[in-house]
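Observations on the three-dimensional arrangement
Spelled out from the first residue to the last, the chains are:
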Amino acid sequence: MAPRVTLTEVADMTPEQRAVYEKFQSNLTRALLLTKDSAAAHLALGATFTVGLLGLLDREVIVLRVAKLRDSEFERLLHYPLAKKAGLDDAEIQAIEEGRYDEMPASRAALVRYVTDCMVDHRASEEAFRALREHYSQNEIAEVTHLAGHSAMTAMYLASLDIPLDEGIASWGRLTEVREQVTN
């Protein structure tokens with residue numbers, strides 16, 4: 001079966017495209033470069049979460065749950081090492097991915113339940129919101145929701161265009177530079 005899209009080859013990139021790609025060398029970036037002008041902004045938005053209100057552990061819980069619910073092997077491969085770095089073990093990761101709330105601390109269970117509602121029902125239930133509010137501020141919940149949506153959008157983009165996994169694991173490397181370039 002023929003690929004759905006042809007990824008931008010590094011040798012064919014304009015200097016502007018190359019500058020974006022150099023910050024995050026992955027098939028995701030090559031696929032985003034198919035758009036007119038949203039690649040840098042998409043990557044920059046993702047980078048904002050690394051300096052936002054949520055810590056590494058919460059961010060990785062959110063992305064792993066979204067990756068599971070959206071069947072995004074790309075996001076799982078990219079974020080699994082970050083989840084391990086954040087201190088999660090394999091059993092905890094599996095509980096998050098499978099939504100086994102009774103095996104999680106209350107705050108994590110509330111977070112996973114909230115994200116699950118957002119992904120499955122496209123809106124968190126009142127019960128899920130209130131449970132999450134016991135552990136997180138309204139600003140943190142806004143960021144949880146935004147990160148879940150960004151992760152879901154990325155998963156949908158990759159799946160719909162049938163973007164192949166990278167040979168190696170892409171590095172977050174210089175992604176914050178993309179955020180700074182877009183905001184300046």
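Reference entry: report on the structure contained in this document.

Scoring rules and cut-offs
- Residues numbered from 1 in each chain as written.
- Predicted model: local features only at pLDDT ≥ 70, side-chain atom pairs only at ≥ 80, totals over all residues.
- Heavy atoms only, no water.
- Helix = DSSP H or I, 4+ residues; strand = E, 2+ residues; numbered from the N terminus.
- Buried < 20%, exposed > 50% of the residue type's maximum accessible area, 1.4 Å probe, protein only.
- Contact = heavy atoms within 4.5 Å.
- Areas by Shrake-Rupley, 256 points an atom, 1.4 Å probe, with all protein chains shown as cover.
- Lys, Arg positive; Asp, Glu negative; His and termini not counted.
- Salt bridge = Lys/Arg side-chain N within 4 Å of Asp/Glu carboxyl O.
- Core = buried A, V, L, I, M, F, W, Y, C linked by side-chain atoms within 4.5 Å.

Further remarks concern the overall build of the protein chain. Each helix and strand counted, the protein chain has 10 helices and 0 strands in total. Each helix (α) and strand (β) of the protein chain, taken in turn from the N terminus, gives the series α-α-α-α-α-α-α-α-α-α. Scored against the burial criterion, the 184 residues of the protein chain give a buried share of 44%. Long-range pairs, those at least 24 residues apart, make up 65% of the contacts in the protein chain with a sequence separation of at least 6. For the protein chain, the exposed area adds up to about 9,800 Å²; of that, 51% sits on carbon and sulfur atoms.

Secondary-structure assignment places Asp58 in helix 4 (residues 56–69). Here Asp58 sits buried without a salt bridge, and the closest side chain of opposite charge, Arg108, lies 6.3 Å off (N-O distance). Other than its neighbours up to four places away in sequence, Asp58 contacts Leu111 and Tyr136.

A word on the nonpolar core. Core analysis: the biggest nonpolar cluster contains 30 residues, and Ile62, Leu111, Tyr114, Val115, Leu132 and Val144 have the highest contact counts within it. Where this core is concerned, the elements lending two or more residues are helix 4, helix 6 (90–98), helix 7 (106–121), helix 8 (126–133) and helix 9 (138–160). The greatest single-element share of this core, amounting to 8 residues, is contributed by helix 7. Ignoring any residue separated from it by four or fewer positions in sequence, one finds Val115 in contact with Ile62, Arg65, Val66, Val144 and Ala148.

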